[in-house]
Amino acid sequence: MTFRQFAYRNVIRNKRKYAAYFVSSSFSVMIFFLCALFIYHPALSKDLIFSTATQTMMVAEGSIFLFCSLFVLVSVSSFLQSRKKEFGILLMHGMTRRQLHLMVFLENMMIGSAAIFTGTGLGLLLGKLFLMIGSGFLGIHSLSFHLPWQAPVLTICSFVLLFGLISLCTFALTGPEDPMPLFQGESKHEEEPKISIVLVLLSAVFLIAGYVMAATVRAALVDVIMFPVVVITVVGTYLFYTQLSIYIVKLLKRTRRFYWHRINLIALSGLSSRWRENGRMFFIITIISAVSFTSVGVFASIQTLTRELKLNYPAAVGYVAKGTEDAAETERHLDSIRRELAGRGLIFDTLSIPIKYAEVESQTGPDRTRLLPLISYSLYKQALMKAGFRSSERPLEGHDGLVMIGSQRDRSLTGERVKATYTLRQGNSIRETGYTEELPIANHLLPALDGVDGGDFSGIVVNDELYAAIRPVQTDRYTGFYVADLLQTVGIAADLSVKGKRAYTADYPYAIAVSGTLFEIHKTLYSTMLFASLLVGTVFFIAAGSFLYFRLYMDLDYDRLQYSTLAKMGLTDRELNRIVTFQLALMFFVPIGLAILHSLFAFIALQRLFYLSIVTETGAVLAVYFVAQVLYFFFIRSRYLRNLKKNLRRI
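Attention now goes to the nonpolar core. Within the largest apolar cluster, 96 residues are counted, with the highest numbers of intra-cluster contacts made by Tyr 21, Phe 38 and Met 57. The contacts of Tyr 21, once residues within four sequence positions are left out, are Phe 71, Val 72, Ser 75, Val 76, Phe 79, Ile 111 and Phe 163. Listed in part, the 48 residues of the second largest apolar core include Ile 353, Ile 355, Ala 383 and Tyr 504.

Our next topic: the pairing of strand E6 (residues 429-435). As judged from the four bridges shared by strand E4 (residues 400-403) and E6, these two strands associate in the parallel manner. Note that in E6 the partner of Gly 401 across the bridge is Glu 432. Pairing geometry for strand E5 (residues 421-424) and E6, over three bridges, is antiparallel. Considered in E6, the bridge of Thr 421 is made with Arg 431. Here E5 folds back onto E6 in antiparallel fashion, the turn holding four residues, of which Gly 427 has a positive phi close to 110°.

It is worth spelling out the packing of helix H2 (residues 15-39) against helix H17 (residues 515-554) at this point. Relative to each other, H2 and H17 sit at 170°, their axes nearing to 8 Å. As judged from the angle between their axes, H2 and H17 are roughly antiparallel. Judged by residue contacts, Arg 16, Lys 17, Ala 19, Ala 20, Ser 24, Phe 27, Ser 28, Ile 31, Cys 35 and Phe 38 of H2 engage Phe 531, Leu 535, Thr 538, Val 539, Ile 542, Ala 543, Ser 546, Tyr 549, Phe 550, Tyr 553 and Met 554 from H17. For the contact of H2 with H17, the class distribution of residues is 15 nonpolar, four polar and two charged.

Turning next to the pattern of salt bridges. Proximity of charged atoms lets side chains of opposite charge pair with each other. For the structure on display, the rule yields six salt bridges. Measuring nitrogen to oxygen at the nearest pair gives 2.7 Å for the salt bridge that ties Arg 338 to Asp 335. On the criterion of helical spacing, the pair formed by Arg 338 and Asp 335 is a turn pair, its members being three residues apart in helix H14 (residues 327-343). With a relative accessible area of 29%, Arg 338 lands in the partly exposed category. The closest approach of N and O atoms between Asp 400 and Arg 431, which form a salt bridge, is 2.4 Å. Here Asp 400 is found in strand E4, whereas its partner Arg 431 is found in strand E6, with 31 residues between them in sequence.

On to a nonpolar patch on the surface, then. Among the surface-exposed residues, Leu 122, Leu 125, Leu 126, Leu 129, Met 132 and Ile 133 lie close enough to one another that they form a single nonpolar patch of about 550 Å² accessible area. If you trace the backbone, Leu 125 turns up in helix H6 (residues 97-138). By relative accessible area, which is 68% here, Leu 125 ends up exposed.

Here is what the cut-offs are and how they apply
- Residue numbers here run from 1 along each chain, matching the order of that chain's written sequence.
- Local features in this predicted model are restricted to residues whose pLDDT is 70 or higher, and side-chain atom pairs enter the listing and the counts only when it is 80 or higher, whereas totals over whole chains, interfaces and linings include all residues.
- To obtain the side-chain values, all non-hydrogen atoms of the structure were included, while hydrogens and water were left out.
- Residues grouped as a nonpolar core are buried Ala, Val, Leu, Ile, Met, Phe, Trp, Tyr and Cys residues, joined through side-chain atoms within 4.5 Å.
- Partly exposed residues are those whose accessible area sits between 20% and 50% of the maximum for their type, while under 20% is buried and over 50% is exposed, using a 1.4 Å probe and protein chains only.
- Residue contacts are counted whenever heavy atoms from the two residues lie within 4.5 Å of one another.
- In this scheme, strands are said to pair when DSSP sees at least two bridges between them.
- Going along the chain from the N terminus, every DSSP run of H or I of four or more residues is numbered as a helix, and every run of E of two or more is numbered as a strand.
- Geometry is summarised by axes, namely lines fitted to C-alpha atoms with helices restricted to the contacting stretch, and by angles between N-to-C directions that run from 0 to 180 degrees.
- Angle categories are assigned with fixed cut-offs, so that under 35 degrees is roughly parallel, over 145 is roughly antiparallel, 65 to 115 is roughly perpendicular, and the rest are oblique.
- In the scheme used here, Gly and all other residues not listed as nonpolar or charged are polar, with Ala, Val, Leu, Ile, Met, Phe, Trp, Tyr, Cys and Pro taken as nonpolar and Asp, Glu, Lys and Arg as charged.
- What makes a salt bridge here is a side-chain nitrogen of Lys or Arg within 4 Å of a carboxyl oxygen of Asp or Glu, nothing more.
- Only residues whose relative accessible area exceeds 30% and that form no salt bridge are eligible for patches; like-charged ones are grouped when within 9 Å, while nonpolar side chains (Val, Leu, Ile, Met, Phe, Trp, Tyr) are grouped when within 5 Å.
- For accessible areas, the Shrake-Rupley method is used with a probe of radius 1.4 Å. Any residue's cover is judged against the shown protein chains and nothing else.

Shown next as structure tokens:
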């Protein structure tokens, strides 16, 4: 038997332990390959709109690769830990450290190569189906199967590099030079793990603080507070599994009435040590599950986000000629837009609105605006009517003004923003009394009011008399083109805009927003993000399941000895089922339950950024994941009990 054959037979002999690791690795390779097919498909990569989708899938590729690196490293480290007794025997029989390293390297590369071959092969078989599903998410005609050379090359090279580097890292994980300590590699230490009351309290404080901050954060601060909340929650989760959970088990043991009741003594006796051994695994499962739930839940609200997007684009094409633009150049641009709309056979209405800029002498509140954009109330109502919006706003009187929102997201900021009173340099004053119910002019077409509260508030609506009395320092002209269906204007004015817009803040004499193009880009982005998050979430979910599967079967021999002894003392088959079910339920549902709790508070914070509710969609996502976990639990429970009882009968 050659050395390579010896390494191969080691893999075959441990196939039960390696099964979940191999399946997860193969599935990750397959998803990576399918994403590459999507990214390099010529119908997408060269298209203006769908290039955004390919960029999103690249992010998914990177996420999958980074997670696979962590997954493979943790899995290989655990495999080596479980085989230390075997390594000790081999070293005692004359195997050198170099040979041991080479054997481990060959074994890992064999499994990795098989996973790469299997995953790539499955990707080729399922490539057409994947492209059909991706087309459905993007709302386009089914993509033809195309195999770009970059997809297999990128997949094979990336994972060969990954498995190779991880295999080299195993040299530092094979244990000490002296083989004797390796014989204790699989021994179980049942002594109570030590805990620190300070860390126990910190765990509770961090988790509660993270939840409170997520539940009470103001909409304007969600972006700012997101990172510290994530850090606090992650640290609190780690301490929960390594400190707080063990402390809770100790408290249960001290409650004699509970601890000595029926099977609780057996079920809880070794729970502290097992929780300590599996704490890091539970921590990883919780974090990756929470990330999956949150990302999929947000982007599963694609229909809600799409409805919100439509409210953000009142005109099919909006064009603003700045006061410095030449009138002839403006007319040339507008004629070009009219010809394109007419060339597509579209019936359209137009509306022209002069926008006055008044110089501000002073203002109350924290904001500081130098030039204040103003439009008249009557033209504001005409803009809403042209866009098909309805509003119940009463006519403005005196010096009252309504702040124009720039997007539906601004609605979440109106409760926190301090309303200002402006004193104009010419002597007039304007008092903000509220906010517009709808958008008269799309975002990007007006400069945002300078302020510290965030948002895209972009001007003031005042009554017609006050508007006529104001002497502007600059006058822009907004021209809106209104059609029945925004999507029919995709690609209009491509020579005047970049991906559907030219922002007012850009160094150009005009600003333009093509709502059809912008809407399609955003819709494609949201759809692709949902598609990518589903793929990444599925990879995470399967990997989390393989962690649990691996941990169970690593402890199978120890559990067999433990339960065989208890069976001789009178433990019944029914009691064995209850003990195993209780312990497995903790392993499966505590991490998933904590991940769902993390996700719920993340959704509470994110909901503040959306005008429309995403409760229904996110609730459905969490329910689906939970049902999938329940089904997986019963599947693993039945297999584990069957293997455990089969081994017990042999004793």
